[in-house]
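# What the coordinates show
Listed below are the residues making up each chain.
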Amino acid sequence: MIINFRSPQRLLAGVGFAATAVIAWQSTAFAHVTLATGEVRANTYYKAVFQVPHGCDGAATQSIRIQIPEGVIGVKPMPKAGWTLSVTRGAYAKSYQSHGKAVTEGPKEVAWSGGALSDDNYDEFVFASFVTDFPAGQVVTFPTVQQCAKGEVRWDQIASAGENPHNLKSPAPTLKIVSDTTVAQARMDHGNMDHTKTGATPQTGSDTFKIGDLVVASPWTRATPGGAKIAGGYLKITNTGKSPDRLVGATSVGADRVEIHEMSMTGGVMKMRPLADGLTIKPGETVELKPGGFHMMFMDITQPLKQGDVLKATLKFEKAGPLDVSFNVSAMGATSEPAHKH
Ligand SMILES: [Cu+2]
């Protein structure tokens, strides 16, 4: 009798734990209101997905109001059940060509209001748009007001030249215009989502670590902003042997746990998921873990990572066994490994 009573409870407890883990990842991953895809080419359609990770100091979110910058035209917001959608139209500063016609006015602000998004939940606010002829490298900002049952947050701070956007308390969501030749992949690995990339110039490191037939080259990570709980880990693994091996996990004294993730573009939105079976390295192959692709994820880091630091970790390979490596900590927002001081 007692056993029959307890079994379903144990099952439920298991389910509850899994769900909690997922939510914890989301809320730590996106500290600010940000765009899911932070890079786009000029003269293309752009699906803007605004991620709202929490309320205002614990209070539920009741409205999200987004200003549309000049040059982003033809905005079509996605209605949301339980929210009232309103669009404020106005004249554009100049005339744009769209499908052979001149477009001189359109939405200048969109707002979803009357909702109740609990501080414990995460939601997305979406519109379709067309990004006009911006020069590559330009950062387009979308000042956003998040109004809550109590208080509001104005996500409208814009980094001035030379200023690190990570130092801003409430940065406006940003979209970086990339050139045609740049692969338009959003290099948003969570901790640095959509923030302007600054800092380190590409440098190839010389750190290598070997075990059995495996060579691990140049592990690196990024400095993390104050409250960040996660950090990405990047490196290259070469299998010089005759049989496949697998990176099945890792541990680090600097993190509660370490996961291996994959990123992929789905419907214009970059998503990531843990690789349950690890990452296979075939004989003769080099697998690169890098921003926007496969990566390691340090979860619940014990203290912020600072540029120039070294984060120790132990990689676990299915056949080769454990391998101690050091991740060099690059600048915040860096897209490649830091220069080394040996
Ligand atoms: Cu990840």
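Residues numbered from 1 in each chain as written. Predicted model: local features only at pLDDT ≥ 70, side-chain atom pairs only at ≥ 80, totals over all residues.

### Some details on the sheet that holds strand β12 (residues 174-178)
- Read from one edge of the open sheet, 3 strands run β2-β12-β9, paired in mixed fashion. Two strands close off the open sheet at either side, each with one partner strand: β2 (39-41) and β9 (139-141). The sheet shows a mean angle of 35° between the axes of neighbouring strands, taken without regard to direction.
- Judged from the 3 bridges that link them, β9 and β12 form a sheet pairing that is antiparallel. Counted as the bridge partner of Val140 is Leu175 from β12. (Pairing = 2+ DSSP bridges. Helix = DSSP H or I, 4+ residues; strand = E, 2+ residues; numbered from the N terminus. Axes fitted to C-alpha atoms, helices over the stretch in contact; angles between N-to-C directions.)

### Re the pairing of strand β23 (residues 321-330)
- Taken together, the 3 bridges between strand β14 (residues 214-222) and β23 define a ladder with parallel strand orientation. Bridging from a neighbouring strand, Trp220 pairs with Asn328 of β23.
- Pairing between strand β22 (residues 310-317) and β23: 8 bridges, direction antiparallel. Residue pairing across strands places Lys316 opposite Pro322, the latter belonging to β23.
- Where β22 folds back on β23, the antiparallel hairpin that results is connected by 3 residues.

### Some points on unusual backbone geometry
- Notably, Asn43 is not glycine yet its phi reads approximately 60°, a positive angle.
- As for its position among the elements, Asn43 is in the loop between β2 and β3 (44-52).
- Even without a glycine there, the phi angle at Asp300 is positive, about 50°.
- Following the sequence through the fold, Asp300 ends up in strand β21 (residues 295-301).

### A closer look at the nonpolar core
- Val258, Phe298, Ala313 and Leu315 are the most contacted members of the largest nonpolar core, which totals 30 residues.
- For this core, the secondary structure elements donating two or more residues are β14, β15 (230-239), β16 (245-251), β17 (255-266), β21, β22 and β23.
- Of the residues forming this core, the biggest block, 5 residues, is contributed by β21.
- The residues contacting Val258, other than those within four sequence positions of it, are Gly249, Ala250, Thr251, Ser252, Met296, Met297, Phe298, Met299 and Ala313.
- Counting residues in hydrophobic clusters, the runner-up holds 28 residues, among them Ala36, Leu117, Ile177 and Val178. (Core = buried A, V, L, I, M, F, W, Y, C linked by C-beta atoms within 7 Å. Buried ≥ 20, exposed ≤ 12 C-beta atoms within 10 Å, placed from the backbone. Contact = placed C-beta atoms within 7 Å.)

### Notes on the sheet that holds strand β8 (residues 123-131)
- Ordered in space as β1-β3-β8-β5, the 4 strands form an open sheet in which the pairing is antiparallel. Every interior strand has two partners, whereas the edge strands, β1 (34-35) and β5 (72-77), have only one.

### Details of the environment of Tyr92
- In this structure, Tyr92 sits in strand β6 (residues 84-98).
- A C-alpha to C-alpha distance of 5.0 Å links Tyr92 and Glu105, two positions 13 residues apart in sequence.
- Each residue touching Tyr92, except ones within four places of it in the same chain, is listed here: Glu70, Ile73, Thr104, Glu105 and Gly106.

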